Structure formats: structure tokens, C-alpha cells
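# Survey of secondary and tertiary structure
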Amino acid sequence: MSQMITVLGATGSIGKSTLDVLARHTDDYQVFALTANTQVDALLQQCIEHRPQYAVMVDEKCAVQLRAKIALSDLTTEVLSGVDALCQVSSASEVDQVMAAIVGAAGLLPTLSAARAGKRVLLANKEALVMSGQLFMEAIKDNNALLLPIDSEHNAIFQSLPVNFKDDPIARKQVRNILLTASGGPFRGWTHEQLQRVTPAQAVKHPNWSMGQKISVDSASLMNKGLELIEACWLFDVKAKQIEVLVHPESIVHSMVQYVDGSVLAQMGNPDMRTPIAYGLAWPNRIESGVASLDFLTHSQLNFEPPNHDVFPALNLSRQAFDAGGTAAAILNAANEVAVAAFLREQIPFTAITDLVDAALNGCEFETADNIEVILAADSSARRFVQEKITAWT
Ligand code: NAD
Ligand code: MG
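Residues numbered from 1 in each chain as written. Chains lettered and ligands numbered in written order. Predicted model: local features only at pLDDT ≥ 70, side-chain atom pairs only at ≥ 80, totals over all residues. Heavy atoms only, no water.

### Brief notes about helix α11 (residues 213–221)
Where burial is concerned, most of α11 is hidden: seven out of the nine residues are buried. Among all positions of α11, only K214, S216, V217, D218, S219, A220 and S221 are buried. Residues of α11 that are buried sit in contact with α6 (126–142), α10 (200–203), α12 (223–236), α14 (314–324), α15 (328–344) and α16 (352–363). Residue L222 follows α11 closely and has a positive phi angle near 70 degrees. (Buried < 20%, exposed > 50% of the residue type's maximum accessible area, 1.4 Å probe, protein only. Helix = DSSP H or I, 4+ residues; strand = E, 2+ residues; numbered from the N terminus. Contact = heavy atoms within 4.5 Å.)

Written as C-alpha cells, this is what we have:
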């Protein structure tokens, strides 16, 4: 029997890589729904190729356009619109797996909806987990859903941890710590003064990975690693101090687990998201992903160095937010999203991103994050707080 899958954020970098892997295994996987925000023609092309039962465009006007184009084709795909439709195609009874690859807080409700419906959730959308950690993990547990990390580092950690690490006290005692690797981004080794003048074009040009704009900027500021630190704490039920961040500029070692006997297990591979995507789709099996074998002779040097916390404060801000608990991480995430968008519009300098996150963590009140309304309210108020500061600035 083939697996039915919904791809949230199909037109993005992760969405496209997911469809690339699925196209190699059409006997084993069928696409139930594809979703996008506003890219009508890109979603149309994907519908033609993958013939889903549903296509969802968040924007209603875009849905009208896509519907008209689909009517002219031989497709039977039904076009829906809005956030409720995203939640419907994530929780429909026909669906086995949901690839959560929307960028940012916009992915929270549909991803949570997949968790609540007991699906296999392939999590790329780290912001959803950062915002709602406890609530999200409870939804997974209470509904017998399966959460598999797609973020390459977390996928590597998952592959390197003992089986059943979370639930088995003996397995937990065997692990000394987790080594979360970071490429260091395009500005590794730069000074604060140099960072003040960088442009969006420089920031989105990642040395090793090809990704969406927002995560590329996050990688440049190391906020991506900060979000990943929080993501790892929730996924593997560990404390922030059990995770050490190591800069590894080659992005070949995707992360490691250090055991009490001194052994270190690492997962390695070329920097191509199709590897963790294929792993998530097929787990506990492995399938062909289209990624070439790693050639150690062309990557004969693997380097490691500590992060520079003075120039890149995002990691410490993230540790601080996770340790504070409640809505602090939702505030950190929302502040970062608004600041990154303003940087990409060239309204603020690059270094202002983490300044604004810091200001939001100091200026917004933290609350207990035990229901979705509180989390969404914290997200909105942090967005307003940061937007006001940006408006005053420009
Ligand atoms: P992207 O910008 O390339 O694509 C984002 C997708 O989300 C698009 O399909 C877009 O239509 C959709 N989208 C955007 N705004 C939306 C909204 N308001 N409502 C609904 N849909 C919306 O992003 P990406 O690089 O593919 O990243 C997606 C997620 O995966 C992010 O959370 C990112 O952190 C995570 N991730 C990405 C990579 C990578 O290599 N690209 C690696 C690890 C994790
Ligand atoms: Mg990552």
C-alpha cells in the first residue's frame, strides 16, 4: 500500500526537494495535497506533475487563479484556500504523512493539526516547534503521532542517538552530550563593524546550502542555530546545557552524539536536504534520495571551531529564551521573523536583527505557554513591539 502525503510549503526549497524524492518512488508514495502561499504557477506545475487530490493556496485571490488554470487542464485537483484548508489537508483521514515545510510561524497551526490527527509529521518548520514546544510535544504524544526531524542536524542527532533515547532511562544515561554543528554562515570570522554593513544579497548567499531567504538570513546571524538549539531540546527532551554548538564550516558532519565511554557517533553526507527528507519518509527503512555518495578525498579536511558569541549573540539569546520557558521562545521567534523581513527590505542593518530580538525578550512579558491562544497572542504582541521599533527607526 502506498503512503499518502501532504506537503505543506510545496513550492519552497524543502517542498521541492521532497517532491524530487517522492518522484523517485511513485509506487510507494502518493501526493494527497500540495500547498503554497502565493506562487500560482509553481503550484500549478507541481499539480501537473504529482496529481494531488487537493491544492491549497493560502491567498484566496491566488486560489481563484489556480482554480481557473486547473479547469483548463485534465486535472481533477480541487483547489482550496486559507489557513483552515491547510489544517484540513494536514489532518484528513486519508493522509499518512505530513511534510511540514512552511516557513515561520505561519506553519504552526497546520503542523499542530497534523500532530493532533496522529500523523507521521516530518518536521522542517522548526519555528512551529520553537514557538509551541511543550504543547506541540504533548500533541504528538497524546495522539500517537510520530515526529521525525528533517532539519539536517536534528536528523543527524536522531540517527546517532540510541534507539528509544527519550523513553529509556538506561539509554539516556549512555549519552554525555549532543554536538550540534553549524556552518558559521557566510559571515564566519567577520567583525561586528563589518556585519553592520552587509547587504541582503550577501546574507542570503550561504556557502554550502541552497535554502529559502529567511533561513538563509538566520544562518548568517546564527539565529538558525539558536532556533535549532531550542528545537533539539524539545525533540530529544534535553536541557540546553547538554547541547554544545560547534562551528564546522564544511557542513559534512551534520551533528554528533558523544557517549559516556568517549565514543562519538556522527552522521555525515553531502549538504543536500534530500538525505534527511528520504530518511524521514522511509524510516525505519532507507530509500534512494538522489544524493551522491560522499567523496572523502574531495573533502579531506574537516574543521571545527567554537562560535564567536560576541559577534553573533543569537545563540545566547536563544539559550536565554529556552531557559526562561513559557512564551519566551515564541517572542524570540516572532521578533526575529519581523526583523529579518525588515532587513530583507533594507529597512534595518543586519546587526539590528539580534538587537531587536534582545529588545523584545526584555520588553515583552513571558507567560505560561500551555494553550495555543497564549502562544499566538505572544507572537502578535512581539511582532507589534518590534514593528513599532522599526517604524520609529525608519
Ligand atoms: P522557502 O521560503 O523556500 O519556502 C517556504 C514555503 O512556505 C513556500 O512553499 C511558501 O509558499 C510557503 N509559505 C510562505 N509563507 C506562508 C504563509 N504565510 N502561509 C502558508 N505558506 C507559506 O523556505 P524553506 O527554505 O523551504 O524552509 C521551509 C522550512 O524548513 C523553514 O521553517 C526552514 O527553517 C526549514 N528548513 C529548511 C531547510 C532548507 O534547506 N531550506 C533546512 C532545514 C530546515
Ligand atoms: Mg539545520
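Still more to cover.
### Overview of the sheet that holds strand β10 (residues 253–259)
Taking strand neighbours across the sheet as the criterion, the four strands line up as β9-β8-β10-β11 in an open arrangement whose pairing is mixed. Only two strands of the sheet have a single neighbouring strand rather than two, namely β9 (243–247) and β11 (264–268). Across the sheet, the axes of successive neighbouring strands diverge by a mean angle of 20 degrees, strand direction being ignored. Two elements, strand β8 (residues 175–182) and β10, share four bridges in a ladder whose sense is antiparallel. (Pairing = 2+ DSSP bridges. Axes fitted to C-alpha atoms, helices over the stretch in contact; angles between N-to-C directions.)

### Notes on the domain arrangement of the protein chain
A common way to state how big an interface is: give the accessible area lost once the parts meet. Taken domain by domain, the protein chain holds domain 1 (3–150) and domain 2 (158–393). With centres defined by C-alpha atoms, the gap from domain 1 to domain 2 works out at 23 Å. Between domain 1 and domain 2, the contact holds 37 residues from the first and 39 residues from the second. Buried area between domain 1 and domain 2, summed over both chains or domains, comes out near 3100 Å², and the portion from carbon and sulfur atoms is 72%. Contact with domain 2 buries area across many residues of domain 1, yet K126, V130 and M131 alone supply 21% of it, more than any other trio. Run the count over domain 1 and domain 2 and you get three salt bridges. Here E127 makes a salt bridge to K214, at a shortest N to O gap of 2.8 Å. Counting the contacts that link domain 1 with domain 2 gives twelve residue pairs in polar contact (both at pLDDT 80 or more). (Domains from an automatic or database assignment. Buried area = accessible area lost by both parts, 1.4 Å probe. Salt bridge = Lys/Arg side-chain N within 4 Å of Asp/Glu carboxyl O. Polar contact = N/O pair within 3.5 Å; in protein donor to acceptor, adjacent residues only side chain to side chain.)

### With respect to the site of ligand 1
Looking at ligand 1, there are 22 residues lining it, with T11, S13, N37, E127 and G212 nearest. Contact distances for ligand 1 include 3.2 Å between an oxygen atom and a backbone N or O atom of G9. Within the backbone of A124, one N or O atom sits 3.4 Å away from an oxygen atom of ligand 1. In the complex, 87% of the free accessible area of ligand 1, which totals 830 Å², lies under the protein chains. (Near = heavy atom within 4 Å. Areas by Shrake-Rupley, 256 points an atom, 1.4 Å probe, with all protein chains shown as cover.)

### A few points about the environment of Q46
Here Q46 shows up in helix α2 (residues 40–50). A residue is classified by how much of its surface remains accessible, and Q46, at 9% relative accessible area, is buried. With 36 residues separating them in the primary sequence, Q46 and A10 have C-alpha atoms 8.2 Å apart. Ignoring any residue separated from it by four or fewer positions in sequence, one finds Q46 in contact with A10, T11, K16, L19, L34 and R51.

### Brief notes about the packing of aromatic side chains
With the rule as written, the count across this model stands at seven aromatic pairs. Both rings, one in F158 and one in Y279, keep their centres 6.2 Å apart while their planes meet at 80 degrees; by these two values the pair is edge-to-face. With a gap of 121 residues between them, F158 in helix α7 (residues 152–160) and Y279 in helix α13 (residues 274–282) connect regions that are remote in the sequence. Given the relative accessible area of 25%, F158 is considered partly exposed. By relative accessible area, Y279 is classed as buried at 11%. Centre to centre, the rings of F158 and W283 are 6.1 Å apart; their planes meet at 65 degrees, and the pair counts as edge-to-face. Highlighted residues: F158 in helix α7 and W283 in the loop between α13 and α14, separated in sequence by 125 residues. An aromatic cluster is present here, built from F187, W190, F343 and F350 joined pairwise through their rings. (Phe/Tyr/Trp six-rings, centres within 6.5 Å; stacked < 30°, edge-to-face > 60°.)

### Points about the sheet that holds strand β2 (residues 29–36)
Pairing within the open sheet is parallel, and its seven strands lie in the order β4-β3-β2-β1-β5-β6-β7. Every interior strand has two partners, whereas the edge strands, β4 (78–81) and β7 (146–149), have only one. Going from strand to strand, the sheet's axes swing by 20 degrees on average, the running direction of each strand aside. Across four bridges, strand β5 (residues 97–100) lies against strand β6 (residues 120–123) in parallel orientation. Residue pairing for β6: V98 is matched across the bridge by V121. Across the sheet, α2 touches β2 and β3 (54–57), and the angle it forms with β2 is around 170 degrees. Its contacts with the sheet put α13 on β1 (3–8), β2, β5, β6 and β7, and the angle it makes with β6 is roughly 170 degrees.

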